[in-house]
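# Working through the structure, step by step
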Amino acid sequence: MLFLYNDPTAPEAMLGDAFTECGYDVATFEVVSATQAGDPAFDATMPDPTAYDVVVPLGSRWGVNDGFGWMDSEAAMVRDAHAAGVPMLGVCFGGQLIAHALGGSVTRSPAPEVGWFDVDASRTELVPGGPWFEWHFDRFTVPPGAVEIARNANASQAFVVGATMGLQFHPEVDEGLLEMWLAGNGADELAALGLDADRLRTATRAELESATKRVHALVRAFVDGVAQA
């Protein structure tokens with residue numbers, strides 16, 4: 001399976017362990033490298049999605065509406081993968097990109113979500129109950145033909161269409177990934193929202209054990225259910 005790195009500071013973290021536990025060999029493709037992050041207005045040649053059993057577009061500090069060339073190339077890859085029946089699991093920006101590529105929309109959210117948020121799921125076998133970590137300022141509408149399977153008052157949180165599942169939240173976040181984000185411009189973003197970094201650290205530490213179980217359950221359900229569509 002293939003993780004798409006849409007930001008050098010947004011790796012797979014706990015998702016890597018969850019897919020490995022399901023028997024997958026993990027490959028990665030760096031869409032945006034650390035040297036390119038300072039000037040992300042470039043195009044990219046994407047890998048062939050049909051060479052993989054699962055493709056997982058990950059998060060990004062940029063938004064779909066920034067319209068960089070690599071986003072157009074990745075959206076084309078997503079459409080090719082979906083048409084070929086290659087299972088995909090999109091995470092935050094990755095979920096938004098899939099929604100956009102398949103005919104949905106991505107807009108600025110009136111209520112940004114940063115921290116641990118409850119999600120109301122209609123399919124709890126795919127999105128287990130309990131708070132999920134969020135860090136996003138945009139939100140998606142589900143693409144035509146997709147079924148929304150989770151949401152909260154602020155945004156749609158998950159959808160399924162064919163063998164594809166898009167998520168607004170970050171199931172992969174652990175303490176190490178959070179620290180990576182805070183070391184970048186994350187602390188400034190928190191301050192602008194009136195949030196405290198130490199409280200977010202404490203909440204993440206408290207949720208980590210149950211969140212680890214939830215991400216493994218989510219990936220297993222995706223592999224055994226959605227990916228078999």
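Preceding block: the structure.
On a predicted model such as this, the values are computed, not experimentally measured, just so you know.

### Notes on the overall build of the protein
- Within the protein, the secondary structure is distributed over 5 helices and 10 strands.
- Over its C-alpha trace the protein gives a radius of gyration of 16 Å, about what one expects of a compact globule, namely 17 Å for 229 residues.
- In terms of principal-axis extent, the alpha carbons of the protein reach across some 45 × 40 × 35 Å.
- For the protein, the residues scored as buried account for 56% of the 229 residues in total.
- Considering only residue pairs separated by 6 or more positions, the protein has 73% of its internal contacts joining residues 24 or more positions apart.
- About 9,400 Å² of surface is accessible on the protein, with carbon and sulfur atoms providing 48% of the total.
- Within the protein, one finds 12 positive and 32 negative side-chain charges whose respective centroids are separated by 7 Å.

### Here we look at unusual backbone geometry
- One non-glycine residue, alanine 13, lies in the positive phi region at around 45°.
- Inspection of the secondary structure assignment puts alanine 13 in the loop between β1 (2–5) and α1 (14–21).
- For cysteine 92, which is not a glycine, the phi torsion comes out positive at approximately 55°.
- Residue placement: cysteine 92 occurs in the loop between β4 (88–91) and α3 (93–101).

### Quick notes on the packing of aromatic side chains
- A complete count under the given rule lists 11 aromatic pairs for this structure.
- Among the aromatic residues, those joined into a ring-pair cluster are Phe3, Phe19, Tyr24 and Phe222.
- Above the face of the tryptophan 132 ring, arginine 214 is positioned so that its terminal group lies 5.5 Å from the ring centre.

### Considerations on α1
- Buried within α1 are the following residues: Met14, Leu15, Gly16, Ala18 and Phe19.
- The inward-facing, buried residues of α1 contact β1, β3 (55–57), β4 and α5 (197–224).
- Phi turns positive, to about 95°, at glycine 23, one or two residues after α1.

Quick notes on the rules
Residues numbered from 1 in each chain as written. Predicted model: local features only at pLDDT ≥ 70, side-chain atom pairs only at ≥ 80, totals over all residues. Heavy atoms only, no water. Helix = DSSP H or I, 4+ residues; strand = E, 2+ residues; numbered from the N terminus. Rg over C-alpha atoms; globule rule 2.2 N^0.38 Å. Buried < 20%, exposed > 50% of the residue type's maximum accessible area, 1.4 Å probe, protein only. Contact = heavy atoms within 4.5 Å. Areas by Shrake-Rupley, 256 points an atom, 1.4 Å probe, with all protein chains shown as cover. Lys, Arg positive; Asp, Glu negative; His and termini not counted. Charge placed at Lys NZ, Arg CZ, Asp CG, Glu CD. Phe/Tyr/Trp six-rings, centres within 6.5 Å; stacked < 30°, edge-to-face > 60°. Lys NZ or Arg CZ within 6 Å of the ring centre and 35° of its normal.

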